Amino acid sequence: MHELVIVLDFGGQYNQLIARRVRECNVYCEVKSYKTSIEEIKAMAPKGIIFTGGPNSVYLEDSPSISNEIFELGIPVLGICYGCQLMAHLTGGNVSSADKSEYGKTETEFDTDSLLFKGLPDKGITWMSHTDLISGLAEGFTSVAHTSDCPVAAMENKERKLYGMQFHPEVMHTENGTAMLRNFLYEVCKCRGDWSMSNYAQTAIEQVRAKVGKGKVLLALSGGVDSSVLAALLSKAVGNQLTCIFVDHGLMRKNEGDEVEAAFKDWDVNFVRVNAGERFLGKLKGVSEPERKRKIIGEEFIRVFEDEAEKIGTVDFLAQGTIYPDVIESGAGDAAVIKSHHNVGGLPDYVDFKDIVEPLRLLFKDEVRQLGIELGLADYLVWRQPFPGPGLAIRIIGEITQEKVEILQDADAIFREEIALAGLDRDIHQYFAVLTSMRSVGVMGDFRTYDYTLALRGVTTTDFMTADFARIPYDVLAKISSRIVNEVKSINRIVYDITTKPPSTIEWE
Ligand code: XMP
C-alpha cells in the first residue's frame, strides 16, 4: 500500500497535471470526481486532498461543490484557483467578482512563515487565471500571499490544515510551483514519499504473477511505447507464458519493424512477427479517402491478429496497454475519456480469453517511459514519439503504393536523423514527413522534373489535443531539405507545415 493523495476534479483543465506533479514529488496520486462521496474518500484514507480549478463562479447555483464535511476529516486540504475560492466560500469567507481579472504571469509576494512557502524566496512569478477573488477570509484563515490586484493570492488555516492558492502551482510558469506542492505534501501532509518506478516495477511484476499464475498471456505489440513497456513488464513477470504478436502492416517507419523485432529478440517471450505488408497494400489498392483507409487498416489488423491467435489456441489473458489518462473520469464524473482513434491495443471481441491484464492502468505516459528504463528496455523504444495505428497510410495523401511508401520512409528517416543531430528530438514532441502526392515542376541539372512535394510537420504540445508548430531553425530545415531532394528519388519540392492545431490536426489525414 502506498501513501495516497487525491486530486478532486472540479472541471479544471489542469487536473492531470496536478496529479503528475504530485507523483513527481514521489507521492502516489489519483484524480477523482468532485462527486466522490465522503464515505469513499474516508475509505481511501488519503494523506492529503487537493481541489482543482474549475471554470465556474462558486456563488452560481449549479457550480460544482462538495460537502463541508470534507474539512472535518482532519485530512489536509489544498484548494487551487476555483478550489481555493470554494474552500473560502464553504468555510464562511467571501468570494466576489474582481474589478480587474488577473491572467498570466503575475508578480507575487509570499509569507515564508507559511509551510507552503517554507524555504522559498518571498517574491516570485505565479500563473494566474481568475476573474473572481477572495474578498473576505473566513474565521481562522490568514492571507499568506498577495499581488497588486489580489489581496488573497494564498491563504491558510494552519490549525485545521486547510490551505489555498489562487494561482496555479502546477504550471511551469509559476516559479517554484512544484516546490510549493512539495511543501504541502511533506510539511503539511507529512508524506514520506514512497512512490518510485523501481518500487512500482517490483510490485507490478508480483501482481501480474499472482493474477496470471500458470496462465497464457497474449499481447498485440505495436512497437509503440506503451505496448513495448507492457511487453517488457510481462516478460519479466511471466516469461514465456507470454506471446507477443507483432503485426507489421508494412506501413511502419523505415527499419522500424526490424527494430521492434531486434529489441525483443533476447527477451524470454514468444515473439511472433507477421509480415503482412502485401496483404494490407492489396486491401488499400485504389483507396484514397482517409476514413476508408483507416477503417480498412483497422479491420485488416484484427483479421491478421485473429489468424495468428487461432494458431496459438485458447489463451487465459489478453494484455492491454491502457494508461491512466484513458481511465480518468472527466470533471463531471459522468463519462470516461475515450480516445476516438483506433489503437492496436483493444481486441477483446475477437479473441477467446478469460480475463484482461492492464498493469499500466495507473501510470501517466512519462511514468510509462520511466518504467521502461527501469525494466531495461532499449532507449529508442522508450523515447519513441507517438505513431498512429494506421501508420504511413495516413501520411501519404490519396492512394498508397509500395513506391510511395518507400519514398516517404526514406525522406522521413532523413528528417528524423537531422532533428536528432541538431539535438532537437526531445524538444519537438512529434515530427514526421508527409507525402502530399501533389506534383510540381522543378529543375535538376539541365533537366526539367515533375515530381512530388513533400511536407514536413513538427509540433510541440502537452496533450496532443492542441499543438503549435515547432520553430525549427532555418539552417536545420535547409540541411534537411537539401539532403532529401538529393538523396530521395521523386521529390523536388519541400514545404514546412506552419499551422497550429486547431484548426489543423497533427496528422494530415
Ligand atoms: P491528430 O491528427 O488527431 O493526432 O491531431 C493527434 C495525435 O494522435 C495520433 N493519431 C493516432 N494514434 N491511432 C493512434 O494510435 C490513430 O488512428 C491515430 N491518428 C492520429 C497522432 O499521431 C497525434 O499524436
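Residues numbered from 1 in each chain as written. Predicted model: local features only at pLDDT ≥ 70, side-chain atom pairs only at ≥ 80, totals over all residues. Heavy atoms only, no water.

Another aspect to go through is the sheet that holds strand β9 (residues 162–165). Pairing is mixed across the open sheet formed by 9 strands, whose spatial order is β2-β1-β3-β4-β9-β8-β7-β5-β6. Each edge of the sheet is formed by a strand with only one pairing partner; in this case those strands are β2 (28–33) and β6 (123–136). Within the sheet, the average angular offset between the axes of one strand and its neighbour, ignoring direction, is 20 degrees. Note that strand β8 (residues 154–157) and β9 share 4 bridges and pair antiparallel. Each bridged residue has a counterpart across the sheet, and for Ala154 the counterpart in β9 is Met165. Against the sheet, helix α4 (residues 177–188) contacts β1 (4–9), β3 (48–51), β4 (77–80), β5 (94–110) and β9, and its axis sits at roughly 165 degrees relative to β4. (Pairing = 2+ DSSP bridges. Helix = DSSP H or I, 4+ residues; strand = E, 2+ residues; numbered from the N terminus. Axes fitted to C-alpha atoms, helices over the stretch in contact; angles between N-to-C directions. Contact = heavy atoms within 4.5 Å.)

Let us look at the environment of Pro473. Turning to its location among the elements, Pro473 is positioned in the loop between β17 (468–469) and α14 (474–487). By relative accessible area, Pro473 is classed as partly exposed at 34%. In this structure, the C-alpha to C-alpha distance between Pro473 and Gln85, residues 388 residues apart in sequence, is 44 Å. (Buried < 20%, exposed > 50% of the residue type's maximum accessible area, 1.4 Å probe, protein only.)

Turning next to the pattern of salt bridges. If you walk through the whole model with that rule in mind, you get 36 salt bridges. For the salt bridge of Asp366 with Arg20, the shortest nitrogen-to-oxygen distance reads 3.4 Å. One end of the pair, Asp366, is in helix α11 (residues 365–374); the other, Arg20, is in helix α1 (residues 15–24), and 346 residues separate them in sequence. A relative accessible area of 30% places Asp366 in the partly exposed class. Among the residues examined, Arg20 registers a relative accessible area of 28% and is labelled partly exposed. The partner of Arg483 in a salt bridge is Glu417, and the shortest N-O contact between them spans 3.2 Å. Highlighted residues: Arg483 in helix α14 and Glu417 in helix α13 (residues 402–421), separated in sequence by 66 residues. Given a relative accessible area of 42%, Glu417 falls into the partly exposed group. Among the charged side chains, a network of salt bridges with common partners joins Glu417, Glu418, Lys479, Arg483 and Glu487. (Salt bridge = Lys/Arg side-chain N within 4 Å of Asp/Glu carboxyl O.)

Next up on the list: the pairing of strand β16 (residues 447–460). For a regular strand, the rule is simple: side chains alternate between the two faces of the sheet. Most of β16 sits out of view: 10 of its 14 residues are buried. Across 12 bridges, strand β15 (residues 430–444) lies against β16 in antiparallel orientation. Paired with Arg439 across the bridge in β16 is Tyr452. Direction of pairing for β16 relative to strand β18 (residues 491–496): parallel, over a ladder of 5 bridges. Pairing of Thr453 across the sheet is with Arg493, part of β18. As judged from the 2 bridges shared by β16 and β17, these two strands associate in the antiparallel manner. Bridge pairing links Val459 to Phe469 in β17.

To continue, consider the pairing of β2. Taken across its 6 residues, β2 has 5 buried, putting it largely inside the fold. In the sheet, β1 pairs with β2 via 6 bridges, with the strands oriented parallel. Within β2, the position partnered with Asp9 by the bridge is Ser33. As for the winding sense of the linkage, the β-α-β connection from β1 through α1 to β2 is right-handed. (Right-handed = clockwise from strand over helix to strand, strands pointing away.)

Core analysis: the largest hydrophobic core is formed by 70 residues, its most contacted members being Leu8, Ile49, Phe51, Ile70, Val217, Phe264 and Leu371. Looking at which element gives the most residues to this core, the answer is helix α6 (residues 225–238), with 9 residues. Both of domain 1 (4–188) and domain 2 (197–382) provide at least three residues apiece to this core. In contact with Ile70, other than residues within four places in its own chain, are Leu8, Ile38, Ile41, Ile49, Phe51 and Val77. With 49 residues, the next largest nonpolar core counts Ala220, Leu281, Val287 and Leu435 among its residues. (Core = buried A, V, L, I, M, F, W, Y, C linked by side-chain atoms within 4.5 Å. Domains from an automatic or database assignment.)

To continue, consider α11. Turning to α11, its buried residues are Glu367, Val368, Arg369, Leu371 and Gly372. On the buried face of α11, the contacting elements are α1, α5 (197–212), α6 and α12 (379–382). Just downstream of α11, Gly376 is the residue with a positive phi angle, here 85 degrees.

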